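The primary structure of each chain is shown beneath.
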Amino acid sequence: MKAIFITGGASGIGRAVAILFAARGWRVGLADIDATGLSATAAMLPADRTSTHILDVRDMTAWEEALAAFTATTGGKLDVLFNNAGIGQGGPFGNIDRAALDRVIDINFRGVSYGARAAYPYLKATAGSCLLNTASASAIYGSPGLSLYSATKFAVRGLTEALDGEWAADGIRVRDLMPAFIDTAILDAGIAGTNHTARDAVIAGGYEFTPVETVAQAAWDAVHGDRLHTVIGKTGHRLAFAARWMPGRLRRMMRAGALGRG
């Protein structure tokens, strides 16, 4: 039986991925800091193939303990680490306070880096394993109004590309997801310096929301395919096209009106 360990498993993309992989016969390890959400997700999955782990991804020791506990139930196997936990941060960069800045960087990048490092021995020991990271369409082109979030997701993209090359010799496939606007709680994050949320900005901009189930299928396809970056959502695909073929125009558009300002 194959095994996947999912961070951010208490809700949103993590929950949707857990449901899909469990339905296809996988053992699932759910990790999050939200104990209530973890229990709710676990209740949707087969009890005999599911475990929950309270995990702050900023804590390397907690990572090591959680992965050791999970792999104790799998015979040491880790077919997939889904490095998915992350938080949003919108608004002008100059309005972000130090505590918020540190938290976004620590969760969105330090946490992903810790996860990759802690999981490496297990992935290396498992034939055909995969590290799957959640990046963002904001890692296609720097997003004004989402500058800090965008920067951390660029870092995740860079780590994915580097490890894809570095870990190929170990038989580990490395992939990332680059979703645009997904209908999850991350969009409820407040925009610094305003009374609005990221969700409000998406609606005001006329952008579409992509269901979490679409992302879950994309995660399945990424794990089983050869695509390094999987862009998800119409907005993400439009951004990728513009970044490749119309970079000058895209730059002018970004400078003219930034998502999340106001």
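Since the structure is predicted, the reported quantities are computational estimates derived from the model, not experimental observations. (Residues numbered from 1 in each chain as written. Predicted model: local features only at pLDDT ≥ 70, side-chain atom pairs only at ≥ 80, totals over all residues. Heavy atoms only, no water.)

## Overview of the overall build of the protein
Then, number 1: For the protein, the count of helices and strands is 9 helices and 7 strands.
Then, number 2: With 262 residues in all, the protein has 50% of them scored as buried.
Then, number 3: Long-range pairs, those at least 24 residues apart, make up 68% of the contacts in the protein between residues at least 6 apart in sequence.
Then, number 4: Just so you have it, the protein exposes about 11600 Å², and 54% of that area is on carbon and sulfur atoms. (Helix = DSSP H or I, 4+ residues; strand = E, 2+ residues; numbered from the N terminus. Buried < 20%, exposed > 50% of the residue type's maximum accessible area, 1.4 Å probe, protein only. Contact = heavy atoms within 4.5 Å. Areas by Shrake-Rupley, 256 points an atom, 1.4 Å probe, with all protein chains shown as cover.)

## Topic: helix α3 (residues 60–71)
Then, number 1: The end-to-end C-alpha distance of α3 is 16 Å, a good match for the 16 Å that 12 residues give at a rise of 1.5 Å each.
Then, number 2: Turning to α3, its buried residues number three or more, namely A62, W63, A66, L67, F70 and T71. Down the axis of α3, the sector holding all buried residues measures 150°, keeping them to one side.
Then, number 3: Buried residues in α3 make contact with β1 (3–7), β2 (27–32), β3 (50–54), β4 (80–83) and α4 (98–124). (Expected span 1.5 Å × (residues − 1). Arc of directions from axis to C-beta.)

## Focus: the pattern of salt bridges
Pairing is possible between side chains that carry opposite charge, provided their charged atoms lie close to one another.
Then, number 1: According to the stated counting rule, one finds 8 salt bridges in the structure shown.
Then, number 2: In this structure, R98 engages D102 in a salt bridge whose closest nitrogen and oxygen atoms are separated by 2.9 Å. Residue R98 and its partner D102 are both found in helix α4; the two are separated by 4 residues, about one turn of the helix.
Then, number 3: According to the relative accessible area criterion, R98 is exposed, its value standing at 63%.
Then, number 4: Judged by relative accessible area, D102 falls into the partly exposed class, the value being 29%.
Then, number 5: Salt bridges linked by common partners bring D164, R175 and D226 together as one network. (Salt bridge = Lys/Arg side-chain N within 4 Å of Asp/Glu carboxyl O.)

## Let's talk about the sheet that holds β4
Then, number 1: Judged by pairing direction, the sheet is parallel, and its 7 strands sit side by side in the order β3-β2-β1-β4-β5-β6-β7 without closing on themselves. Single-partner strands in this sheet number two, and they are β3 and β7 (229–232). Sheet twist, expressed as the mean angle between neighbouring strand axes with direction ignored, is 15°.
Then, number 2: Of the pairings in the sheet, the one linking β1 to β4 comprises 3 bridges and is parallel in character. Directly across from I6, in β4, lies its bridge partner F82.
Then, number 3: Contacts from helix α2 (residues 35–42) reach β2 and β3, with the element oriented near 175° to β3. (Pairing = 2+ DSSP bridges. Axes fitted to C-alpha atoms, helices over the stretch in contact; angles between N-to-C directions.)

## Regarding the nonpolar core
Then, number 1: Ranked by internal contacts, the top residues of the largest apolar core, which has 42 residues, are F5, W63, L78, L131 and W167.
Then, number 2: Elements with a contribution of two residues or more to this core: β1, α3, α4, α5 (147–166), β6 (173–179), α8 (234–245) and α9 (247–256).
Then, number 3: The next biggest cluster of nonpolar side chains, apart from the first, holds 31 residues, and it includes A22, V28, C130 and W220. (Core = buried A, V, L, I, M, F, W, Y, C linked by side-chain atoms within 4.5 Å.)

## A word on α8
Then, number 1: The first and last C-alpha atoms of α8 sit 16 Å apart over 12 residues, in line with the 16 Å expected at 1.5 Å per residue.
Then, number 2: Within α8, burial applies to T235, G236, L239 and A242. End-on view of α8: buried residues confined to an arc of 130°, all on one side of the axis. Exposed positions of α8 whose direction lies more than 90 degrees from the buried face are K234, R244 and W245.
Then, number 3: Of the surrounding elements, those touching the buried residues of α8 are β7 and α9.

## With respect to the environment of N108
Then, number 1: Secondary-structure assignment places N108 in helix α4.
Then, number 2: Residue classification places N108 among the buried positions, given a relative accessible area of 0%.
Then, number 3: A C-alpha to C-alpha distance of 8.9 Å links N108 and A155, two positions 47 residues apart in sequence.
Then, number 4: In contact with N108, not counting residues within four places along its chain, are G86, I87, Y149, T152, K153 and V156.

## Focus on the confidence of the model for the protein
Then, number 1: Scored by pLDDT, the protein comes out at a mean of 90, with 88% of its residues at no less than 70.
Then, number 2: Low confidence marks residues 258–262, where pLDDT is under 50. Its contacts with residues over four positions away, or in another chain, come to 16 contacts. (pLDDT = per-residue confidence, 0-100.)

## With respect to the packing of α3 against α4
Then, number 1: One can describe the packing of α3 onto α4 by two numbers: an axis separation of 10 Å at closest approach and a directional angle of 40°. As far as their axial angle goes, α4 and α3 are oblique. Taken as a pair, α3 and α4 cross one another with a handedness that is right-handed. Where α3 abuts α4, its residues M60, W63, E64, L67, A68 and T71 lie against G111, Y114, G115, R117, A118, A119 and Y122. (Parallel < 35°, antiparallel > 145°, perpendicular 65-115°, else oblique. Left-handed = near helix turned anticlockwise from the far one by under 90°.)

## Looking at the packing of helix α1 (residues 12–23) against helix α7 (residues 212–224)
Then, number 1: With their axes 8 Å apart at the nearest point, α1 and α7 run at an angle of 60° to one another. Considering their axes alone, α1 and α7 lie oblique with respect to each other. Crossing hand, α1 versus α7: right-handed. Mapping the contact onto sequence places G12, I13, A16, V17, L20 and F21 in α1 and V212, E213, V215, A216, Q217, A219, W220 and V223 in α7.
Then, number 2: Of the residues assigned to the contact of α1 with α7, the class counts are 11 nonpolar, 2 polar and 1 charged. (Nonpolar A, V, L, I, M, F, W, Y, C, P; charged D, E, K, R; others polar.)

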